[in-house]
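Notes for the structure review
Each chain, written out:
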Amino acid sequence: MDKGKAIMGSGRRWAVDFSDNSLTPYSRDIPDPPGFSRASQEQDDSTVSKQKKDAEANWKAQKAWEVAQAPFKNLLMMGFMMWMAGNTVHLFSIGITFSALWQPLSALQGVGKVFEPYKDNKVDLLAPKLVFIALNLGAMVLGVWKLNTLGLLPTHASDWVSSLPPAQEVEYSGGGIAFH
Amino acid sequence: MATMLRVFLLLLSLLSITAPAFSLYEDQVGLADWHQKYIGKVKDAVFHTQKTGRKRVVVSTEENVIASLDLRHGEIFWRHVLGPNDAIDGIDIAMSKYVITLSSEGSILRAWNLPDGQMVWESFLQGPYSSKSSLLVPASLRVDKDNVILAFGKGCIHAISAIHGDTLWKKDLEADSFEIQYMIQASDSDVIHLVGFVGSSEFDSYTFDAKSGELLKHDSAAIPGGYSGQAALVSSNTLVVMDSAGSTVTTISFHDGKVTFNQTPVSTLIEDFVGKAIILASKLEGLFSVKTGTLTLFVRATVEGKLEVVNKVDYATAVSDLLAISEDRQAFAFVHSRSNDIDLTVKLGADWNHDLLKESVKMDQERGSVKKVFINNYIRTDRSHGFRALIVMEDHSLLLVQQGAIVWSREDALASVIDVKTSELPVEKKGVSVAKVEETLFEWLQGHVLKLKGTLMLASPDDMAAIQALRLKASGKSKMTRDHNGFRKLLIVLTKAGKIFALHTGDGRIIWSRLLNSLRQSATCEAPTGLNLFPWHVPHHHALDENPSVLVVSRCGPSDDALGLLSFVDTYTGKELSSASLDHSVVQVIPLPFMDSTEQRLHLLIDASGQAHLYPKTSYALSIFRSELSNVYWYSVEVETGIIKGYALKEKASDNYSFDTRSIWSIVFPSESEKIIKSSTRKSNEVVHTQAKVIADQDAMFKYISKNLLFVATVAPKASGDMGSSTPEESWLIVYLIDTITGRILQRMTHHGAQGPVEAVVSENWVIYHYFNLRAHRYEMSVIEIYDQSRADNKDVWKLILGKHNLTSPVSSYSRPEVMTRSQSYFFTHSVKSIAVTSTAKGITSKQLLIGTVGDQVLALDKRFLDPRRSVNPTQAEKEEGIIPLTDSLPIIPQSYVTHALKVEGLRGIETVPAKLESTTLIFAYGVDLFFTRFAPSRTYDSLTEDFSYALLLLTIVALVAAIFITWILSEKKELRDKWR
């Protein structure tokens, strides 16, 4: 699993590095070919790696945005499911509503983890994170709204008065028809 | 919480749709219910003659029951309850095969088949006057091969054929105030004498030919000294009567057309005579008995009219009629009781000095004095005469005494229940063994294995029988301790006999019974009658080890101003803790919602002059009451004058514990158009869970819940009579809802063309009443629900969440809340004897009405059928809420009879008591019979059913665990194999 993660971590499936960055010729068995200047290569080696890093950062940022926008599709699907479930309380509609509430919640909990692979000091993750959070919150609002339409939220006066005990009476009276 | 409740309710309603009724399975009968049959205080008894061969006795009782009892065990062979208006005046056996009864003041004569009690024929006897009645079944009188029964009633004498009940002849005596005393057949002739009195001074004798109905003779003479209403027949032509002063005995002989009088002062019979003497009615040969104070004299009357005292007995004595034991010998018995003994003496009619039988019988408990005795003889194996005596005691119990022992006894006081209260049983204490009812582990296991077999359908018929027996025995349902569910309680029952019983709710057995001394006849109190029971001392919390007690309120005599009596009875032991004769009358008792320091409930007794008296008379109680004095009111409903009055209390200077009352309001019904026929209030101990009713679309309505709500029904005076006595145009029913603090009429509603009788029940914020609709010729039930409009605008959710509302703050009736009522009427098939409503511990469970039907059964009817919001086409939301589409009549579902196949004969009342389990209510229905059951109005949603198989559950769990282990092992093995591959 660790290996997989490392590969996945660089964002590629596999890579072969053709550039030889070693500076010590004696470390090799084979001498440098004639006309080959090791110094010049050293020079543009840094520019190449810089370019590479830029590309990777771009790629990461792009991916982060993709991840951030992923809940939107979810949101649409959820909306469709909710519409299908109808407005009466039964097992199906309650299940869908609770999953609609639970998914964004768990996603929000793991917001750091989701964006961890794209962490880079060059990449600005704040905006995608915010979008991600906003979309998830949107999904949650949708869930809550569904909960309300199902009548499972205590938003009506009836929900608060239904368990109120009767008021006490100040006066007390008794009597009736006399014994006979 | 509320929303979850909605989900829950919805599931519940779904459940209730799938399983409609609250019916029982056949094998569940008797698990939670019991039924007891009684007959009431015996008035008259006739033994089967030797010829019929069966050992039975036929009795008629004051509860208008005619029954045939087994002489060996006292069981009822057959029984008929004739109804409250059909009092039995005479009973006899004709032709050794029919029981003849004369009832309803001599207007109905019936013949019942002796062995099985089937009615053979019934005759209605008509006559111009109402008078006393008398029945004579002559043994040897025949007209055209037909036995004749002579019945006197309504001023006429009728001769009825015993075979088919046809009238052979009828004669009007044309004397409207003739009160018959005796109907006598002159020895073996066809001549019938009727003797009686007109007013209190004239003696009349009529002589008839029994075959033709011809009036042979009519003699009339004024009695010197007047007539007090008591007479005894000494021979077929001699009658002794007591004069109106109770001091002179007059002997009247009336043979051969001559009426002669002979007067003897009682003082010549007994030396130091004071007060009034009473002649005990009996038919003895040449003898009669006179009661003076505690003495009973046996006096012999000679043909010449001379009187001589034969014997004196120091006790109150009951004397039987004469019984022919052989061709020429006749015997009679007299019985008296001394504390726990009964002395029975049987003598030959002619010979005083010779005792045929003299024995003393021990009773196991106090039963008061002997009221009546009936004797019967049998031939012993040695050809001598044996006697058995049927004895009616002061506590209405019936005993059969034979060979010096009580063969059986029946507690027939329980046929005349006045009031019922419940009491908790003692708490189960640690270390106290109740091993007798407890079963061993082995038995428990055995029982469960049996049950398991039953569930898995492996049981043989024998096993099934064993299971049923086990269930009926139901371990611990008759234990004498409190149970967790609150099913086991004591029913404290006050009866007309003045006897208090404690019945166990588990199996209905009598835990204790007590004939209250204060409710017995005494010199200071002529005719004490029990009125009501009140829970007096109900210990809870820290004082659980104390015994609870009840207050018995009674008074001396039937009038309003008779002095009151209080007695306090321990409900665990039945001991009379104390009793008090009050110096004032009692017309009303108001239990107050306050307790004193010893947890005794405060009671206010109102006397006939309108004064209030506080009990218990302790200074602590007084200080509590004084602080609440300005908030305590009372009201009286005066049926005769048609006035409802409300009173407040004020302190009286002279007496600390008495309070003056001052009238603060009154409602006067115009006597020419309205007459009060029913008033009803909420039960004071009813618990209501919530003040709001949530209706469709999450809207809420606020119930008007007040304990001070009085329902009154009035009818047009013309329509207050029997059914059919008035036309629909001149009859109406008006119902009122009245606040008893301010006298404010909350609602008034008129039903045109309706009449009583009205039965009503008030609960929470609704009233349901039952009446007859003359236009539709059907019974109707109406419901009125009251809602509090002044609370209706409490709709702001934020205020409710933050608690910034005044919905739970105390309210006063003087704030005059605006109310809104809704009502609806439905047809109902039955006429109704009584209506009650289920009550549960917290008031959450939905309600069902308990209707005592005319067939003496108890029918449960869901309150949802009586909901004013029912409409023909309810909306989806309303349907979801559980509103039933409107129909014009209420359904009667045969499975919802609470009494299933049983009848509570002569049903008079239904009492409901909450169990500790919220879903369950205990129902006790009483009349001539008693019936008790447990009832769950919304099914037992909070507990497993009794026949839940724990063994099956255990077995399932064990099987599952085993399965988990086995599959785990298998999967391990497979994995290993895969890895080696």
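Residues numbered from 1 in each chain as written. Chains lettered and ligands numbered in written order. Predicted model: local features only at pLDDT ≥ 70, side-chain atom pairs only at ≥ 80, totals over all residues. Heavy atoms only, no water.

The name given to chain B in an unreviewed UniProt entry is ER membrane protein complex subunit 1, with the source organism recorded as Linum trigynum. We quote the UniProt Sequence similarities (unreviewed entry) comment for chain B here in full: "Belongs to the EMC1 family." Chain B has a UniProt comment under Subcellular location (unreviewed entry) that states "Endoplasmic reticulum membrane". (UniProt positions renumbered as here; feature names shortened; annotations may be inferred.)

Labelled according to an unreviewed UniProt entry, chain A appears under the name ER membrane protein complex subunit 4, originating from Linum trigynum. Turning to chain A, the UniProt annotation filed under Sequence similarities (unreviewed entry) states: "Belongs to the EMC4 family."

**Points about the overall build of chain B**
When helices and strands are tallied, chain B shows 8 helices and 65 strands. Computed over C-alpha atoms, the radius of gyration of chain B comes to 33 Å, within 12% of the 30 Å expected from 2.2 N^0.38 for 981 residues, which places it in the range of a compact globule. Dimensions along the principal axes, computed over C-alpha positions, put chain B at roughly 125 × 80 × 60 Å. Within chain B, buried positions represent 53% of all 981 residues. Carbon and sulfur atoms form 53% of the exposed surface of chain B, whose accessible area is close to 44500 Å². For chain B, the distance from the average position of its 102 positive side-chain charges to the average position of its 112 negative side-chain charges is 6 Å. (Helix = DSSP H or I, 4+ residues; strand = E, 2+ residues; numbered from the N terminus. Rg over C-alpha atoms; globule rule 2.2 N^0.38 Å. Buried < 20%, exposed > 50% of the residue type's maximum accessible area, 1.4 Å probe, protein only. Areas by Shrake-Rupley, 256 points an atom, 1.4 Å probe, with all protein chains shown as cover. Lys, Arg positive; Asp, Glu negative; His and termini not counted. Charge placed at Lys NZ, Arg CZ, Asp CG, Glu CD.)

**Some remarks on the interface of chain B and chain A**
Counting residues at the interface gives 58 residues for chain B, matched by 32 residues for chain A. Across the contact surface, chain B and chain A share 0 salt bridges. Inspection of the chain B/chain A interface yields 20 residue pairs in polar contact (both at pLDDT 80 or more). Those elements that provide at least two residues to the side of chain B that touches chain A are α1 (2–18), β40 (528–537), β44 (588–595), β47 (632–638), β51 (692–695), β52 (699–702) and α6 (797–801) of chain B. (Contact = heavy atoms within 4.5 Å. Salt bridge = Lys/Arg side-chain N within 4 Å of Asp/Glu carboxyl O. Polar contact = N/O pair within 3.5 Å; in protein donor to acceptor, adjacent residues only side chain to side chain.)

**A look at the packing of helix α3 (residues 441–455) of chain B against helix α8 (residues 950–980) of chain B**
Residue and element names in this part refer to chain B. Between α3 and α8, whose axes approach to 8 Å, the crossing angle comes to 80°. Between α3 and α8, the interaxial angle falls into the category roughly perpendicular. Residues His448, Leu452 and Thr455 of α3 pack against Tyr950, Ala951, Leu952 and Leu955 of α8. For the contact of α3 with α8, the class distribution of residues is 5 nonpolar, 2 polar and no charged. (Axes fitted to C-alpha atoms, helices over the stretch in contact; angles between N-to-C directions. Parallel < 35°, antiparallel > 145°, perpendicular 65-115°, else oblique. Nonpolar A, V, L, I, M, F, W, Y, C, P; charged D, E, K, R; others polar.)

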